[in-house]
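# Architecture and fold: a report
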Amino acid sequence: MDSRRRLRRHSLALAGALTVSALLLNACSLADDDHSGKEPEETASIRANIECAESGRVLGTGSTAQQNAMKLWTETYQKACKPVQVAYWAQGSTAGVSGFLRGASAFGGSDSALKDSQVEQSKEVCPGGRAIDLPMLGGPIAVGYNLSAVPDLVLDAPTLARIFDSKITRWNDEAIQHLNPGKALPALPIKAVHRTDGSGTTKNFSAYLAGAAPKQWPYPPANDWSGQGGHGASGSQSLADHVQSTDGAIGYFELSFATERKMRTVKIATGAAQPVSASVETATAGIATAQLVRADGDLTLALDYATNRDGAYPIVLITYEIVCDKGNKPETLPALKSFLTYTASEKGQAALAGIHYSRLPPVILTKVRRAIETLS
């Protein structure tokens, strides 16, 4: 039995190493894509505002919620800092945290902060230090749906909770009709789709349901799906594809995945004057209610999922980069700090709106930048 376990661990480590090598080779090729000899204006501007590391190979793994942001950030940074190789492997938050805690990546991406037990465990891979959570971007979790005859749909937290817990099973249910007076809702089965992989998006979506509709959603927020019934898909991209291709489907994912597919999204009735659509602006208003809840260099934020502020979209997430405050590997530290300095910079944050993410409030970003400067 022990020999088989050792063989399995060796095989997993070898597969991971090959994947990391492929990702970093791809990152290297991205840096060389532009053969025109002329440096793009955006690249020159970034180079002028950050100090590139002389060299280094940095791998991040985790959250699919930040996948599109990381794609933009790594490609842009790579072109400005060609000696450095940076890659991000979007596997889901649970896998990202697990990989970081095994020492397999320089940083982990997660849509929820580390548990206290995970912070304690991180001391094994952060000699003389521990892992900290650095918020890096935010955004709305859109609720996308596929009903060709219903171009505009309003739902609230109690109704969403009952839909995703298989208590409401048809689109012409009285509860949905009450929120959409005068609309012809079809007598079509609801096909609610949830994530099957460990996901911070799931945790934040269920945190919204638990916070805004505790009677209808009795489950504690968790990376793994707790609701009853429904259909499953692994990763935000697959979930969005499933909803897009299935009549009567509804699912949750980051707004960028809905926008890419020109998918309709639900307006949320929060008790505000008007139902709130998912957008960068309304999510920013929702994120503005967040409060710092940890100390000692950690920047975990608590969101108010039950907000009824006018124009504030309540289903939002903040995604973190998990790093060692001390004990980072010397061969990756300069490149890691350089890359994160860019993502937290004005240039890096300003790029988010174009891909439907929300930048963090200035007071939080100031703390993030100071934390990056002190990494060692």
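These figures come from a predicted structure and were not determined experimentally.

Attention now moves to the overall build of the protein chain. Within the protein chain, the secondary structure is distributed over 14 helices and 12 strands. A buried classification covers 52% of the 376 residues belonging to the protein chain. By element, 52% of the accessible surface of the protein chain is carried by carbon and sulfur atoms, the whole surface being about 16500 Å².

Glancing now at the confidence of the model for the protein chain. When pLDDT is averaged across the protein chain, the result is 88; 87% of the residues are at 70 or more. Overall, residues 27-31 carries pLDDT values under 50, and its contacts beyond four positions in sequence, including any with other chains, amount to eight contacts.

Here we come to the side chain of threonine 319. Residue position: threonine 319 is located in strand E12 (residues 316-324). Judged by its relative accessible area of 0%, threonine 319 falls in the buried class. Among the polar contacts listed, one links the side chain of threonine 319 to the backbone oxygen of serine 110, at a separation of 3.3 Å. Engagement of the side chain of threonine 319 in a polar contact is seen with the side chain of aspartate 111, the distance being 2.8 Å.

This part takes up helix H9 (residues 236-245). Every buried residue belonging to H9 is among Ser236, Leu239, Ala240 and Val243, and all of these are buried. Down the axis of H9, the sector holding all buried residues measures 95 degrees, keeping them to one side. The secondary structure elements touched by the buried residues of H9 are strand E4 (131-145), strand E6 (191-195), helix H8 (200-212), strand E7 (231-233), strand E8 (249-254) and helix H10 (255-260).

Glancing now at the pairing of E12. Counting buried residues along E12, nine of its nine residues qualify, which places the element largely inside the surrounding structure. Here E12 shows a buried face lined by Val316, Ile318, Tyr320, Ile322 and Cys324 and a second buried face lined by Leu317, Thr319, Glu321 and Val323. Pairing between strand E3 (residues 107-110) and E12: three bridges, direction antiparallel. Across the sheet, residue glycine 109 finds its bridge partner in E12, namely glutamate 321. Bridge analysis of E4 against E12 gives nine bridges, and the strand direction is antiparallel.

Okay, the packing of helix H3 (residues 67-80) against helix H12 (residues 333-343) next. One can describe the packing of H3 onto H12 by two numbers: an axis separation of 10 Å at closest approach and a directional angle of 120 degrees. Crossing hand, H3 versus H12: right-handed. Each of Met70, Trp73, Thr74, Thr76 and Tyr77 in H3 lies in contact with H12, whose residues at this interface are Ala335, Ser338, Phe339, Tyr342 and Thr343. Considered class by class, the residues forming the contact of H3 with H12 number six nonpolar, four polar and no charged.

Enumeration over the complete set of coordinates arrives at two disulfides. The side chain of cysteine 126 participates in a disulfide bridge whose partner is cysteine 324; the two sulfur atoms lie 2.0 Å from each other. Judged by the sign of its S-S torsion, about -70 degrees, the cystine formed by cysteine 126 and cysteine 324 is left-handed. Separated by 198 residues along the polypeptide, cysteine 126 in the loop between helix H5 (116-121) and E4 and cysteine 324 in strand E12 bring together distant segments of the chain. The exposure classification of cysteine 126 matches that of cysteine 324, with both residues buried. Cysteine pairing in the protein chain follows 1-2, 3-4, where each cysteine in a disulfide is numbered by its order in the sequence.

On to the environment of glutamate 54. Looking at the element boundaries, glutamate 54 is found in the loop between helix H2 (41-49) and strand E1 (56-62). In the structure, glutamate 54 is positioned 284 residues away from serine 338 in sequence and 9.9 Å away in space, judged by C-alpha atoms.

Structurally, leucine 255 can be placed in helix H10. In this structure leucine 255 comes out as buried when scored by relative accessible area, which is 8%. With 102 residues separating them along the chain, leucine 255 and tyrosine 357 place their C-alpha atoms 7.7 Å apart. For leucine 255, the residues in contact, after removing those within four places along its chain, are Pro140, Ala142, Ala278, Ser279, Val280 and His356.

Here we come to the nonpolar core. Ranked by internal contacts, the top residues of the largest apolar core, which has 85 residues, are Leu160, Phe164 and Ile250. Broken down by element, this core gets its largest block of residues, eight residues, from E4. Excluding anything up to four places from it in sequence, phenylalanine 164 contacts Ala192, Val193, Phe205, Trp217, Trp225, Gly227, Gln228, Ile250, Gly251 and Tyr252. Ranked by size, the runner-up nonpolar core spans 10 residues in total, among them Val193, Val243, Phe257 and Ala258.

Cut-off values and rules
Residues numbered from 1 in each chain as written. Predicted model: local features only at pLDDT ≥ 70, side-chain atom pairs only at ≥ 80, totals over all residues. Heavy atoms only, no water. Helix = DSSP H or I, 4+ residues; strand = E, 2+ residues; numbered from the N terminus. Buried < 20%, exposed > 50% of the residue type's maximum accessible area, 1.4 Å probe, protein only. Areas by Shrake-Rupley, 256 points an atom, 1.4 Å probe, with all protein chains shown as cover. pLDDT = per-residue confidence, 0-100. Contact = heavy atoms within 4.5 Å. Polar contact = N/O pair within 3.5 Å; in protein donor to acceptor, adjacent residues only side chain to side chain. Arc of directions from axis to C-beta. Pairing = 2+ DSSP bridges. Axes fitted to C-alpha atoms, helices over the stretch in contact; angles between N-to-C directions. Left-handed = near helix turned anticlockwise from the far one by under 90°. Nonpolar A, V, L, I, M, F, W, Y, C, P; charged D, E, K, R; others polar. Disulfide = S-S within 2.5 Å. Core = buried A, V, L, I, M, F, W, Y, C linked by side-chain atoms within 4.5 Å.

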